[in-house]
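Examining the three-dimensional arrangement
Here's the letter readout for the chains.
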Amino acid sequence: MKTNTEPATGVKKHLPNIASFTRIFGTLALPFLMWQSWEQTIEFPFREEPFLRVPLVWVVVYLFLVFTDKVDGTLARRLNAESALGAALDAIGDALLLVVGASCVFVVFVRDSLSTWEFWLYVGIMVYCVLLKILVFFITKKYFGEGNMLHSIPHKIFAVLAFLAVAYWAFTRTIAPWSIITLCAIMTYAFIDEWIYLSRSATYNVDFKGHGLEKYPLRERE
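Here we look at the overall build of the chain
The secondary structure content of the chain amounts to six helices and two strands. Counting from the amino terminus, the chain carries its helices and strands in the arrangement α-β-β-α-α-α-α-α. Across the 222 residues of the chain, 41% fall into the buried class. Of the roughly 13000 Å² of accessible surface on the chain, 67% is carried by carbon and sulfur atoms. For the chain, the centre of its 20 positive side-chain charges and the centre of its 19 negative side-chain charges are spaced 5 Å apart.

Printed below as a string of structure tokens:
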């Protein structure tokens, strides 16, 4: 499919937003898909121990909703149907899906496999990652008068891995320490990288790609 040069009209201009709304309302349905009767035992030939109590329906629906994150952006660009509303719906859908998905995992799927200190440590790490992203909003507000969140490459990598990690945790019904430590490290790097850029740059670019120490127009120092 080639990118249109003319703005989308009719139903086409609404397709990206329909994908975003699908993600938002589908996310709100996730807590109702955690029925015990839908849990399955999954066996793989290369693994001796089967995966027990896999919430297969929940995982499949969750991954479908993750896929819509790619669909809405792709449709908006190729149909020339990008809009402020679409960008807002995309951001809301992403945040809601990650928060609700992680909440389902922590509250239901992995709780029995973790000790009390592990549970609260991992919850704390996820809250820490969310707070770092919110902090970027206030940094942009301070330096550019416009609260926003950059979409740097490290941040996009974190988002992709976080979405996949939630599905992995739900499937295995536990949290591998290496997986959540990796997410914490990536988000910490992304925050430092974005903060360096925001505190030094003379211009604001929501699509800043990363590497805050690279050459870009610097603001004048008082």
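Considering helix H5 (residues 153-172)
Spanning 20 residues, H5 covers 28 Å between terminal C-alpha atoms, matching the ideal 28 Å at 1.5 Å per step. Listing the buried residues of H5 in full gives Pro 154, His 155, Phe 158, Ala 162, Phe 163, Ala 165, Val 166, Ala 167, Trp 169, Ala 170, Phe 171 and Thr 172. Once H5 finishes, Arg 173 follows within two positions and takes phi at roughly 60°, a positive value.

Focus on the packing of aromatic side chains
This structure, assessed with the given rule, holds 14 aromatic pairs. Geometrically, the ring pair formed by Phe 44 and Phe 171 is tilted, given 6.5 Å between the ring centres and 40° between the ring planes. Of this pair, Phe 44 sits in the loop between strand E1 (39-42) and strand E2 (51-55) while Phe 171 sits in helix H5, placing them 127 residues apart in sequence. For Phe 171, a relative accessible area of 18% puts it in the buried group. Geometry around Phe 119 places Arg 111 over its ring, the cationic atom sitting 4.0 Å from the centre.

Quick word on the environment of Ala 170
You can see Ala 170 is positioned in helix H5. In this structure Ala 170 comes out as buried when scored by relative accessible area, which is 0%. Note: C-alpha distance between Ala 170 and Glu 194 (24 residues apart in sequence) is 31 Å.

A short note on the pattern of salt bridges
Counted under the stated rule, the structure contains six salt bridges. Taking the shortest distance from any N to any O, the salt bridge between Asp 90 and Arg 23 comes out at 2.7 Å. Here Arg 23 lies in helix H1 (residues 15-29) and Asp 90 lies in helix H3 (residues 84-109), a separation of 67 residues in the sequence. Overall, the relative accessible area of 24% leaves Asp 90 in the partly exposed class. For Glu 194, the salt bridge identified is with Lys 133, shortest N-O distance 3.0 Å. Of the two residues, Glu 194 is situated in helix H6 (residues 177-200) and Lys 133 in helix H4 (residues 116-144); the sequence distance between them amounts to 61 residues. Neither residue differs from the other here; Glu 194 and Lys 133 are each classed as buried. Connected through shared salt-bridge partners, Arg 23, Asp 69, Asp 90 and Asp 94 make up one network.

Some thoughts on the confidence of the model for the chain
Averaged over all residues, the pLDDT of the chain is 87; the fraction at 70 or higher stands at 91%. Confidence, read as mean pLDDT per element, is least for helix H2 (residues 56-78) in the chain (86) and greatest for H5 (95).

Let's talk about the packing of H4 against H6
At a minimum axis separation of 10 Å, H4 and H6 run at an interaxial angle of 10°. The orientation of H4 with respect to H6, classified from their angle, is roughly parallel. Broken down by class, the residue content of the contact of H4 with H6 amounts to 19 nonpolar, three polar and two charged.

Quick look at the layout of surface pockets
Approximately 1500 Å³ is the volume found for the largest pocket. Those elements that provide at least two residues to the lining of the largest pocket are H1, H2, H3, H4 and H5. For the lining of the largest pocket, the leading source of residues is H3, giving nine residues. Grouping the constituent residues of the lining of the largest pocket by class yields 23 nonpolar, nine polar and 10 charged. Approximately 240 Å³ is the volume found for the second largest pocket. Around the second largest pocket, the lining residues are Leu 98, Val 99, Ala 102, Ser 103, Phe 106, Val 107, Phe 119, Val 123, Met 126, Val 127 and Val 130. For the lining of the second largest pocket, the secondary-structure elements that each account for two or more residues are H3 and H4. When residues of the lining of the second largest pocket are assigned to their parent elements, the largest contribution, six residues, is made by H3. Along the lines of polarity and charge, the residues of the lining of the second largest pocket split into 10 nonpolar, one polar and no charged.

Thresholds applied
Residues numbered from 1 in each chain as written. Predicted model: local features only at pLDDT ≥ 70, side-chain atom pairs only at ≥ 80, totals over all residues. Heavy atoms only, no water. Helix = DSSP H or I, 4+ residues; strand = E, 2+ residues; numbered from the N terminus. Buried < 20%, exposed > 50% of the residue type's maximum accessible area, 1.4 Å probe, protein only. Areas by Shrake-Rupley, 256 points an atom, 1.4 Å probe, with all protein chains shown as cover. Lys, Arg positive; Asp, Glu negative; His and termini not counted. Charge placed at Lys NZ, Arg CZ, Asp CG, Glu CD. Expected span 1.5 Å × (residues − 1). Phe/Tyr/Trp six-rings, centres within 6.5 Å; stacked < 30°, edge-to-face > 60°. Lys NZ or Arg CZ within 6 Å of the ring centre and 35° of its normal. Salt bridge = Lys/Arg side-chain N within 4 Å of Asp/Glu carboxyl O. pLDDT = per-residue confidence, 0-100. Axes fitted to C-alpha atoms, helices over the stretch in contact; angles between N-to-C directions. Parallel < 35°, antiparallel > 145°, perpendicular 65-115°, else oblique. Nonpolar A, V, L, I, M, F, W, Y, C, P; charged D, E, K, R; others polar. 1 Å grid on protein atoms, 1.4 Å probe; cavity = no way out; pocket = protein on both sides within 12 Å on 5 of 7 lines; lining within 4 Å. Points joined across faces, edges and corners; volume = space filled by probe spheres on them.

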